[in-house]
There are 2 protein chains.
Amino acid sequence: MSVLAQLTAALGDLVDTRAAALEEARADRSGHAAEGRPLAIVHAETVAHVQETMRIATATRTPVVVRGAGTGLAGAANAGEGEIVLSTARMTAVLEVRPDDLLAVVEPGILNADLNRLLAEHGVWWAPDPASREISTVGGNIATGAGGLLCAKYGVVRDAVLGVDLVLADGRLLHLGHRSVKGVTGLDLTSLVIGSEGTLGVVVGATLKLRRRVVGTVCTIAATFPDVRSAATASAALTASGAQPAIMELMDAASLAAVHTVLDLPAPTPGAAQLTIQTDGPASEAEADAIAEILRVHQGSVAVTHDPVEGERLLAIRRSMHQAMASLGTALIEDVSVPRSAMPAMFDEIARIERQYGLTIPTVAHAGDGNLHPNFLFAGAETPAHVWQAADDLFRAAIALGGTLTGEHGIGTLKRRWLADELGDDQWELQRQIARVFDPLGILNPGKVFAPDA
Amino acid sequence: MSVLAQLTAALGDLVDTRAAALEEARADRSGHAAEGRPLAIVHAETVAHVQETMRIATATRTPVVVRGAGTGLAGAANAGEGEIVLSTARMTAVLEVRPDDLLAVVEPGILNADLNRLLAEHGVWWAPDPASREISTVGGNIATGAGGLLCAKYGVVRDAVLGVDLVLADGRLLHLGHRSVKGVTGLDLTSLVIGSEGTLGVVVGATLKLRRRVVGTVCTIAATFPDVRSAATASAALTASGAQPAIMELMDAASLAAVHTVLDLPAPTPGAAQLTIQTDGPASEAEADAIAEILRVHQGSVAVTHDPVEGERLLAIRRSMHQAMASLGTALIEDVSVPRSAMPAMFDEIARIERQYGLTIPTVAHAGDGNLHPNFLFAGAETPAHVWQAADDLFRAAIALGGTLTGEHGIGTLKRRWLADELGDDQWELQRQIARVFDPLGILNPGKVFAPDA
């Protein structure tokens, strides 16, 4: 019996072979698509469906690509020729919310923002807030080790998961982690699964660490600087001062100009860069005033508002970045991260790369944690060779500054050829062997992450 | 050439075979000692010394026990017959302190408290504060995934390490992690090493995530309750209320009485239990008042002080617990952790176990994170069989309540026989295989953690 026949016999109409659905599963939000077309999509609704799919995949040695909402930016969930797409998007239940223990037990398919709307009724929240929060799943957030805007103050996914339930390649179910705040029983496999991009198993449940909702007025500060270097210097000085904003977003001149165009706003001052900062908590107003003072010392032209509507309007400029880039062509959205003191130097490197390769690279940054998203713009669907060369230059510059080639998007297919550059060959091989312990047949997301020659 | 001769040829007088030193290396602060006597202690002073030792160990298939200050409580660093003790206690350098990037790069042998005294000059601190902080090393804190008193508010070791440098069993050096706040390049091996208790490699350096020193008055609250259950209920209610004390320590009646005796204080009210709580930060005084109110509602007799000297005196009662237990006989110090709402139920289980086995089990708890330290008291050096049975009962009760058999001390030798009970056989075997990827010959801490039949 063929693989498809076995899947259909076991899982009935959960098995989807519609051409349009298969076509969609080839790509994610990076714009990159896998070669060929997957065999089928299994829309798992229960843990048992996931286990059954993996048993068939193991028995038939068929590659499996686990997929949530398909909003990734590294091609990690793109499915190609002959692969099974195992979708957990229908597994959206919130099984338990415990405000007293600050934890929730959820299925992987629930959208980040949907979960947080539900948690808000209990006075709690799950802190990771990728820009994709309205469209990305909690399972996808875990698979990529997602970050977001609030990370410098409130942490990333790695800081916000107590345990995961994982189905192995052969269909066995493991419960990793625990429900208690502390726990050091054996190796920390929960952390190992976070950010493993579908190479170790299928996340079918998670015990999330929650925070109590923050009280107080959210204050928003918008500061304009003569150029991006002075904005980066001001943000690094602000971190060094001990200020702890909830959000600190930096936009360079090209990003600002593009967003103002799509939002139909007056053109910004040529060359000017912007910091958009929010403070929260009981001391937010005093903190905002102190931050404004530091920014002014660093050449900032500063406006502070305590009005949440006006604050949201200011932040909407930053949130429109993807839309603005899409209006200019195709964007390769990069994701380097450096120590915060190195941000000015990293912007210098980006300026050098722009000159050297004749490119415009509009760049935004989560400046509170040193995570930059340079957007390499080009025409057409395929990333041209010279853009990849420029990206290569970018990665090397970030690593040389003590940083990393991906802060929050992951390796997927798009960065696998650089993985060993950062890890070193010995660590790369060790990581590949660890993945093989989970997946001895190599059927989980083959060609992703640990596949240098592809 | 014998192993000892090879070590001496390569490392000269760093190789220590004095009888008293070898005898000391057999035991840690648990009181448990390994069988037989180790071959030698290598007092490594550089990474190269560690690498050379591991190359000889690999070539000769000699087991290696990595050891810091020997203050562990699970027997993980105890060295027995024919083993090499690889001590990193002399590697105490602080290579870099960067208050602007909130990181420090250190060698593993520096004592936790020494590091924090040095960091204080820069206005920063490393948050993990095990009760052993004056005598335990940062490397040992990493190897055990240590916790402490401040964890509910400020996190455990896992939350405070950006990267580790690790020497593998064969002597190769790997740099795991990164210096940036965010980073998702490949698998999170840094987290895997934290808490791995010497089974994956030798930690020879660490990039630590720092916090800025907290400003404001530290307020201390001492509250007495009629019995331990009402104290546990009050602490769980306090967590559920959203209050966030920096420290919340619970002592039961037997602990209180023992400490009052050794400190020559008036005897406490029979049966009474105590919570000692500290608040910090800019709003500490208001928080202390709010906490006092909640405790009074839950039958607490409450005193609040803003005087740091008086606060330290109150906390000293808690800090004298180990000394008090030592005065009563030998103590098997246990370390279960449960969701915070389950603390009253866990104390009920301890009372049941006391009755059932005819034992007194003085218990203290880091009540802010649900981590309990029951002290099983007995005469003589060897833990009697019925005490192990009672401990077995305790572990099963903690796991049944959604908890874990070790919150911060680790598995070592003392809990290896229960590891599979918590992990399940499949996960236990997977973890063992992962350890084998790092250490194919099984020379790193054999008989520890993954050794069920010993």
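Conventions adopted
- Residues numbered from 1 in each chain as written.
- Chains lettered and ligands numbered in written order.
- Predicted model: local features only at pLDDT ≥ 70, side-chain atom pairs only at ≥ 80, totals over all residues.
- Heavy atoms only, no water.
- Helix = DSSP H or I, 4+ residues; strand = E, 2+ residues; numbered from the N terminus.
- Rg over C-alpha atoms; globule rule 2.2 N^0.38 Å.
- Buried < 20%, exposed > 50% of the residue type's maximum accessible area, 1.4 Å probe, protein only.
- Contact = heavy atoms within 4.5 Å.
- Areas by Shrake-Rupley, 256 points an atom, 1.4 Å probe, with all protein chains shown as cover.
- Lys, Arg positive; Asp, Glu negative; His and termini not counted.
- Charge placed at Lys NZ, Arg CZ, Asp CG, Glu CD.
- Pairing = 2+ DSSP bridges.
- Least-squares fit on C-alpha atoms with pLDDT ≥ 70 in both.
- Buried area = accessible area lost by both parts, 1.4 Å probe.
- Salt bridge = Lys/Arg side-chain N within 4 Å of Asp/Glu carboxyl O.
- Polar contact = N/O pair within 3.5 Å; in protein donor to acceptor, adjacent residues only side chain to side chain.
- Nonpolar A, V, L, I, M, F, W, Y, C, P; charged D, E, K, R; others polar.
- Axes fitted to C-alpha atoms, helices over the stretch in contact; angles between N-to-C directions.
- Parallel < 35°, antiparallel > 145°, perpendicular 65-115°, else oblique.
- Left-handed = near helix turned anticlockwise from the far one by under 90°.
- Phe/Tyr/Trp six-rings, centres within 6.5 Å; stacked < 30°, edge-to-face > 60°.
- Lys NZ or Arg CZ within 6 Å of the ring centre and 35° of its normal.

Chain A carries the name FAD-binding protein in an unreviewed UniProt entry, which gives Microbacterium galbinum as its organism.

### Here we look at the overall build of chain A
For chain A, the count of helices and strands is 16 helices and 18 strands. For chain A, the C-alpha radius of gyration of 22 Å lies close to 22 Å, the compact-globule estimate for 454 residues. C-alpha atoms of chain A, sized along the principal axes, occupy 70 × 55 × 45 Å. Here chain A holds 454 residues, and 59% of them are scored as buried. Sequence-distant contacts, at least 24 apart, represent 72% of the contacts inside chain A between residues at least 6 apart. About 16000 Å² of surface is accessible on chain A, with carbon and sulfur atoms providing 53% of the total. Taking the average location of the 35 positive side-chain charges in chain A and that of its 52 negative ones, the two points are 3 Å from each other.

### Overview of the pairing of strand β12 (residues 219-225) of chain A
Residue and element names in this part refer to chain A. Burial runs high along β12: six of the seven residues are buried. As paired strands, β12 and strand β14 (residues 273-279) are joined by seven bridges and run antiparallel to one another. Bridge pairing in β14 places Cys 219 opposite Thr 279. Strand direction decides the pairing type here: β12 and strand β15 (residues 301-305), joined by five bridges, are antiparallel. Within the sheet, the bridge partner assigned to Ala 223 lies in β15 and is Val 302.

### Regarding the relation of the copies chain B and chain A
Once turned by 180 degrees and shifted 0.0 Å along the axis, chain B lies on chain A with an RMSD of 0.0 Å. Given the turn and translation reported, the copies of this chain are related as if by a two-fold rotation axis. Here 100% of the interface residues in chain B have copies in chain A that are interface residues too; the copies meet face to matching face.

### Side note on the interface of chain B and chain A
Taken together, the contact between chain B and chain A spans 69 residues of the former and 70 residues of the latter. Of all residues in chain B, Lys182(B), Val184(B) and Leu187(B) bury the most surface against chain A, accounting for 15% of the area lost on that side. Linking chain B with chain A are eight salt bridges. In this structure, Arg172(A) engages Asp426(B) in a salt bridge whose closest nitrogen and oxygen atoms are separated by 3.2 Å. Joining chain B to chain A, the criterion identifies 37 residue pairs in polar contact (both at pLDDT 80 or more). Broken down by secondary-structure element, the contributors of at least two residues to the side of chain B that touches chain A are β9 (173-177), α7 (189-193), α8 (228-240), α15 (416-423) and α16 (425-438) of chain B. Of the residues that constitute the side of chain B that touches chain A, the class distribution is 24 nonpolar, 29 polar and 16 charged.

### Details of the sheet that holds β15(A)
Residue and element names in this part refer to chain A. Pairing is antiparallel in the open sheet, where seven strands are placed in the order β15-β12-β14-β13-β17-β18-β16. Strands at the two margins of the open sheet, each flanked by one partner only, are β15 and β16 (330-333). The average undirected angle you get between the axes of adjacent strands in this sheet is 15 degrees. Relative to the sheet, helix α14 (residues 385-400) contacts β16 and β18 (371-378), its axis offset from that of β18 by approximately 165 degrees.

### Here's the deal with the packing of helix α13 (residues 343-357) of chain B against helix α14 (residues 385-400) of chain B
Residues and elements named next belong to chain B. For the pair α13 and α14, interaxial distance at closest approach is 10 Å and the crossing angle is 155 degrees. When the axis of α13 is compared with that of α14, the two are roughly antiparallel. Viewed along their axes, α13 and α14 form a crossing whose handedness is right-handed. Counting all contacts with α13, which are made through Met 346, Glu 349, Ile 350, Arg 352, Ile 353, Gln 356 and Tyr 357, the residues of α14 involved are His 386, Gln 389, Ala 390, Asp 393, Leu 394, Ala 397 and Ala 398. Of the residues contributing to the contact of α13 with α14, the split by class is eight nonpolar, three polar and three charged.

### Focus: the pairing of strand β17 (residues 363-366) of chain B
Consecutive residues of a regular strand have side chains that alternate between opposite faces of the sheet. All names here are of chain B. Judged by which residues are buried, β17 turns out to be covered on both faces: Thr 363 and Ala 365 on one side and Val 364 and His 366 on the other are all buried. In this structure, β17 lies alongside strand β18 (residues 371-378), joined through four bridges in antiparallel fashion. Residue pairing in the sheet places Thr 363 in a bridge with Pro 374 of β18. Linking β17 back to β18 in an antiparallel pair, the connection comprises four residues, with Gly 370 at a positive phi of about 75 degrees.

### Digging into the packing of aromatic side chains
Centre-to-centre distance and the angle between the planes together describe a pair of aromatic rings. Residues and elements named next belong to chain A. In the structure shown here, the tally under the stated rule is eight aromatic pairs over all chains. Aromatic side chains Phe 395 and Trp 418 sit 4.8 Å apart centroid to centroid with 75 degrees between the ring planes, which places their arrangement in the edge-to-face category. Here Trp 418 lies in helix α15 (residues 416-423) and Phe 395 lies in helix α14, a separation of 23 residues in the sequence. Phe 395 sits in the buried class, given a relative accessible area of 1%. Here Trp 418 falls in the buried class, since its relative accessible area comes to 3%. Clustering of aromatic rings is evident, with ring pairs tying together Trp 388, Phe 395 and Trp 418. The ring centre of Trp 388 lies 5.1 Å from the NZ or CZ of Arg 417, which sits over that ring.

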